[in-house]
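A structural walkthrough
Here's the letter readout for the chains.
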Amino acid sequence: MASADITERPIDDHLARVPEIGCAPPGSDIEVQLARTWESEPGWRGWLSTVDHKAIGLRYIVTAFIFLIIGGLEALLIRIQLARPDQTLLTPEQYNQLFTMHGVTMIFLYALPILSGFSNYLWPLLLGSRDMAFPRLNAFSYWIFLFAGIFMYVSFPLGQAPNGGWFNYVPFSGPTFNTGPNIDVFALGMVLLGISTSVGSANFVVTLFRMRAPGMTINRVPILVWGTLTASVANLLVIPSVSLAFFLLWLDRQMGTHFFDVANGGKPLLWQHLFWIFGHPWVYAIVLPAMGIVSDALPTFCRRPLVGYTAMALATMAVMLIGFEVWIHHMFATGLPTVALSIFGAASMVISVPSSIAVFAWIATIWLGRPVFKTPFLFFAGFVMLFVIGGLSGVMTAAVPLDWQLNETYFIVAHLHYVLLGINVFPVVGGIYYWFPKFTGRMMDETLGKLSFWVMFIGFNVGFFPMHWAGLLGMPRRVYTYSSRMGWDGVNMITSIGSFVFAIGVLIFLVNVVVSLKRGALAGPNPWDAATLEWATSSPPPAYNFAVIPTVASRHPLWEDRLDEGRGRSNFKEGLLLAEGREAISTSPIDAKPLAILKMPDDTSTPFFLGLFISLLFVGLLLHWWLFTAATAIAGSLALIVWLWPRKALAQRAMPQGDNNG
Amino acid sequence: MVEPVQLQSERLPVGSAGKLSGGWWGVQTLIVTEACLFGYLLFCYFYLAAQTEQTWPPDGLPSLLVPGANTLILLASSACVWAGERGVHQSRTGRGIAGLTAAIVLGTAFVAIQLMEWRNKPYGMTTDLYGSLYFTITGFHMAHVIIGLAVLLLLLVWAMLGYFDSRRYVAMTIGGAYWHFVDVVWLFVFSTLYLFPYL
Ligand code: HEM
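Just so you know, these numbers come straight off a predicted model, no measurement behind them. (Residues numbered from 1 in each chain as written. Chains lettered and ligands numbered in written order. Predicted model: local features only at pLDDT ≥ 70, side-chain atom pairs only at ≥ 80, totals over all residues. Heavy atoms only, no water.)

Remarks on the overall build of chain B
Assigned secondary structure in chain B consists of 5 helices and 1 strand. When the helices and strands of chain B are placed in sequence order, the string is β-α-α-α-α-α. Against the 2.2 N^0.38 benchmark of 16 Å for 199 residues, chain B shows a C-alpha radius of gyration of 21 Å, more extended than a compact globule. By its C-alpha atoms, chain B is 75 × 55 × 25 Å across when sized along the principal axes. A burial count over chain B gives 52% of its 199 residues as buried. Here the analysis covers contacts within chain B between residues at least 6 apart in sequence; of these, 79% occur between residues at least 24 apart. Put simply, chain B shows about 8800 Å² of open surface, and 68% of that area lies on carbon and sulfur atoms. Between the centroid of the 9 positive side chains of chain B and the centroid of its 10 negative side chains there is a distance of 16 Å. (Helix = DSSP H or I, 4+ residues; strand = E, 2+ residues; numbered from the N terminus. Rg over C-alpha atoms; globule rule 2.2 N^0.38 Å. Buried < 20%, exposed > 50% of the residue type's maximum accessible area, 1.4 Å probe, protein only. Contact = heavy atoms within 4.5 Å. Areas by Shrake-Rupley, 256 points an atom, 1.4 Å probe, with all protein chains shown as cover. Lys, Arg positive; Asp, Glu negative; His and termini not counted. Charge placed at Lys NZ, Arg CZ, Asp CG, Glu CD.)

Structure below.
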């Protein structure tokens, strides 16, 4: 032990101790020992069993991006079909499956998981911690996500993919009108995916309240953390609603129950309530963390702190609070009482207040700063513009009468893509440009980067702006073709061309990733000269993140000398060492005072196996293999028991005096 | 130059120390999300019951005697878990074991009686809308009781292996919290399915 200044230790050292404070420069004994305890085994076993949040975060990002590409290819097929009137490339049924899978893939398998990837990778680094609160749960959540994604695609090659649209309304998706396995795959897949999202959200919530570095009081956490926290709380509250809806639908379809069965007193509108109670907060869950990415990264390129930190944090939560109450706005056209419609319509408009606060904060940050026009900045600035356009068309549809006119037209398709691509895809790609050096230790190419931005930005607007027009001309969504007498030929052609331009932009980005991985310039710890904690450690960060747990003194730990806010300075040199096995510090929820030394779990493949067994259980349900289902349930229970078994190494068991070799 | 802040080091608990442990926070998030799940289930019940054109419940008012007694059995099991946890806290592992054993017996009795209830219903899950609701809601709860029983059984094994003492027993607290949750949920399920039709 290098910490020689530790004098005496009480005997019950393993249940309480005074944590060592010291320095651990690279190459010192402590640092070497930390690396040894935290690094995963090389080879496939280490790969399967790692619980390192950085590995898991990157897996999330890569997997979700692959789903984005799959969903994108589906969209391109759709756009080829719609480029000209009366085309026959796709049959109506194929078209239904394609737009359904496109929506499902984008909304469920790309949009949230990619943000979970960012947050998983970044949270512990942003918060100055060694890992998430539940590293094994984190691995588990990734595996279930991967398996659920594969599950939802199993019937695709058979030509029996989900075909009822991503919100899957009954009675069309009920047993009478949709007899194949299409909807069952979707229903069970969604329940499975719900498990992943729920445990992931629980992990974020607990991590925020327990795992921050000493001194990182609640008013110093980065906005990305607020965004993901808000999304996670919402997920915990609303995921059960959609999981239940899909499970009841599966019961209706396979077990003969009557929840949505009109002939026997069931109510299709029940589906819509359960779905949108979930669906609307979900829409915010897939944008708030992305807004957080911008709020944290944009200031780096404006060379000044974000304007209105507190307002932004509050706006983030306000958006979600209101978001809970507006699910009805997806049901304006269902014949609900007018009073209800008016209230919900008004609430929907109120959302524009916190959203505008956010927009003004970003604009003010750019305005008052000295912008540096690097690629990430372009993506973030582009995002602000698209946010405004998407927001405007959103306010328009919050007006009930206008919604009646525009509902189910391409105006909605335009709105939803401005919101989703604008507020999710642009920040995500910008975020990858921004954190790529942290992920890999290398910079991405600027020339290709700027090119990819302009191609994506122009392609996107050429592709999606005319859709508003198509909607106003009355073109309904979800039609597999149209007659040229409708006068929609021109807009559709332009839209299709724009889509391909956009796709080329994404391709340039991917080429950039591949090239930069090999040949990018080496990045130091802090290539952008940014302010937050993740840039205080090397790129890529070591397995233990921080050899010495930082002690934080302000919201901008790396800009303190420059901003000179007069408070103390954050301390990266000397602090908690926590090197007796895998350890982390737990601090108090508000003012981040050290509370306990946490024993963190070692690498283990139990999460993988538990995830596998649960996924196989769903396969059993799908195929009605009841014995197989039972067997996987038992196997899963055993895996869970192994997981939960109290361990001495984690100080979970009573230990007689003197026996502390765990 | 402003000096870097220095952390003062104090003596801190190590590892899974009671309510400072990760598991305790984890089970709370589990309880929140599961409570929502049951909330939505009961929402379905009220939403459909409010709009039905059938008599509700179709087979007349449910008898309260057996389910009422069963409710008391479940509540008693919660009390046993609570007593067991206190026992462990006071270093009386024997009491802990006794409390858990009693809770498991009572919980199993609840399951058996509930299965009998199911058998005695003249309708099934597919007979009508009410049957679907009744069996799905009680089925969800039953699944939770069975998982809860498995948890209690594990706790019992761990207690007998001597894993708990007065300073390290957070598994008891966590498992206990889950069991209490399952019991409280039953009060809502019971009120909805058995008491509400009398209003
Ligand atoms: C190259 C990029 C994209 C193109 C060309 C594209 C194209 C389309 C088109 C033409 C439709 C309408 C299909 C119809 O109603 O008949 C559609 C629907 C949809 N898109 Fe995209 N899209 C793209 C990217 C995205 C992304 C990134 C997301 C989400 C993050 C997304 C989410 C959706 C959703 C949710 C629907 C509704 C599906 C439904 O009606 O069930 N799209 N897309």
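From this point on, the discussion continues.
Points about the confidence of the model for chain A
Residue and element names in this part refer to chain A. Across chain A, pLDDT averages 90, with 92% of residues at or above 70. Contacts from residues 1-11, a stretch scored under 50 in pLDDT, to residues over four places away or in other chains number 14 contacts. In this model residues 658-662 is a low-confidence stretch, pLDDT under 50, and it forms 6 contacts with partners more than four residues away in sequence or in other chains. (pLDDT = per-residue confidence, 0-100.)

A look at the site of the ligand
All names here are of chain A. Near the ligand there are 25 residues, and of these Y95, H102, H417, R477 and R478 occur at the shortest range. Within the side chain of H102, one N or O atom sits 2.8 Å away from a nitrogen atom of the ligand. Contact between the ligand and R477: an oxygen atom at 2.9 Å from a side-chain N or O atom of the residue. Those elements that provide at least two residues to the shell around the ligand are α3 (53-83), α4 (92-127), α15 (410-440) and α17 (489-519). No other element matches α15, which puts 7 residues into the shell around the ligand. The residue makeup of the shell around the ligand, split by class, is 17 nonpolar, 5 polar and 3 charged. (Near = heavy atom within 4 Å. Polar contact = N/O pair within 3.5 Å; in protein donor to acceptor, adjacent residues only side chain to side chain. Nonpolar A, V, L, I, M, F, W, Y, C, P; charged D, E, K, R; others polar.)

Observations concerning a nonpolar patch on the surface
Residues and elements named next belong to chain B. A contiguous nonpolar surface patch, about 450 Å² in accessible area, is contributed by L72, L75, V184, L187 and F188. Per-element accounting of the nonpolar patch gives the leading share, 3 residues, to helix α5 (residues 170-195). Structurally, the position occupied by L72 is in helix α2 (residues 65-89). According to the relative accessible area criterion, L72 is exposed, its value standing at 59%. (Patch = residues over 30% accessible without salt bridge, like charges linked within 9 Å, V, L, I, M, F, W, Y side chains within 5 Å. Salt bridge = Lys/Arg side-chain N within 4 Å of Asp/Glu carboxyl O.)

Focus: the nonpolar core
F108, F118, W362 and F426 of chain A together with F164 of chain B are the most contacted members of the largest nonpolar core, which totals 245 residues. The dominant element in this core, judged by the number of residues it contributes, is α4 of chain A, at 21 residues. Those residues in contact with W362 of chain A that sit more than four places away from it in its chain are M291, V294, S295, L298, L306, M312, F383, V384 and F387 of chain A. Counting 18 residues, the second-largest nonpolar core is a separate cluster that includes I30, L34, W38 and V206 of chain A. (Core = buried A, V, L, I, M, F, W, Y, C linked by side-chain atoms within 4.5 Å.)

Quick look at the interface of chain B and chain A
Across the contact, 54 residues belong to chain B and 68 residues belong to chain A. Between chain B and chain A, the buried area comes to about 5300 Å², and carbon and sulfur atoms account for 69% of it. For the pair chain B and chain A, the number of links is 17 residue pairs in polar contact (both at pLDDT 80 or more). Of all elements in the fold, only β1 (12-13), α1 (22-51) and α4 (129-160) of chain B reach the threshold of two or more residues within the side of chain B that touches chain A. It is α1 of chain B that contributes the most residues to the side of chain B that touches chain A, 16 residues altogether. Here the residues of the side of chain B that touches chain A sort into 29 nonpolar, 18 polar and 7 charged. Pairing of strand β1 (residues 16-17) of chain A with β1 of chain B involves 2 bridges; the strand directions are antiparallel. Note on β1 of chain B: the bridge partner recorded for A16 of chain A is P13 of chain B. (Buried area = accessible area lost by both parts, 1.4 Å probe. Pairing = 2+ DSSP bridges.)

Some details on the coordination of the iron atom of the ligand
Residue and element names in this part refer to chain A. In this structure, H102 (NE2) and H417 (NE2) serve as the protein donors to the iron atom of the ligand, at separations of 1.9 to 2.0 Å. Here the iron atom of the ligand binds 6 donor atoms, and the angle range of 88 to 180° at the metal identifies the geometry as octahedral. One end of the pair, H102, is in helix α4; the other, H417, is in helix α15, with 315 residues separating them in the sequence. For the residue pair H102 and H417, the accessibility class agrees, reading buried in each case. (Donors = N, O, S within 2.8 Å, 3.2 Å for Na, K, Ca; no water. Tetrahedral: all angles 85-135°; square planar, octahedral: opposite > 155°, others 65-115°.)

Section: the sheet that holds strand β4 (residues 571-576) of chain A
All names here are of chain A. Taking strand neighbours across the sheet as the criterion, the 3 strands line up as β2-β4-β3 in an open arrangement whose pairing is antiparallel. Whereas interior strands pair on both sides, the edge strands pair on one side only; in this sheet they are β2 (21-23) and β3 (549-551). Put simply, the sheet's adjacent strands are angled 55° from each other on average, direction ignored. Pairing of β2 with β4, which is carried by 3 bridges, proceeds in the antiparallel orientation. Bridged to I21 within β4 is L576. (Axes fitted to C-alpha atoms, helices over the stretch in contact; angles between N-to-C directions.)

Topic: the packing of α4 of chain A against helix α6 (residues 182-210) of chain A
Residues and elements named next belong to chain A. It is at 11 Å that the axes of α4 and α6 come closest, and there the two elements cross at 15°. Judged on the interaxial angle alone, α6 and α4 are roughly parallel. Between α4 and α6 lies a crossing whose hand is left-handed. In this structure, α4 contributes E93, Q97, V104, F108, L109, L112, S116, S119, N120, W123 and L127 to the contact, and α6 contributes N182, F186, M190, L193, T197, F204, T207 and L208. Per-class residue counts for the contact of α4 with α6 are 11 nonpolar, 7 polar and 1 charged. (Parallel < 35°, antiparallel > 145°, perpendicular 65-115°, else oblique. Left-handed = near helix turned anticlockwise from the far one by under 90°.)

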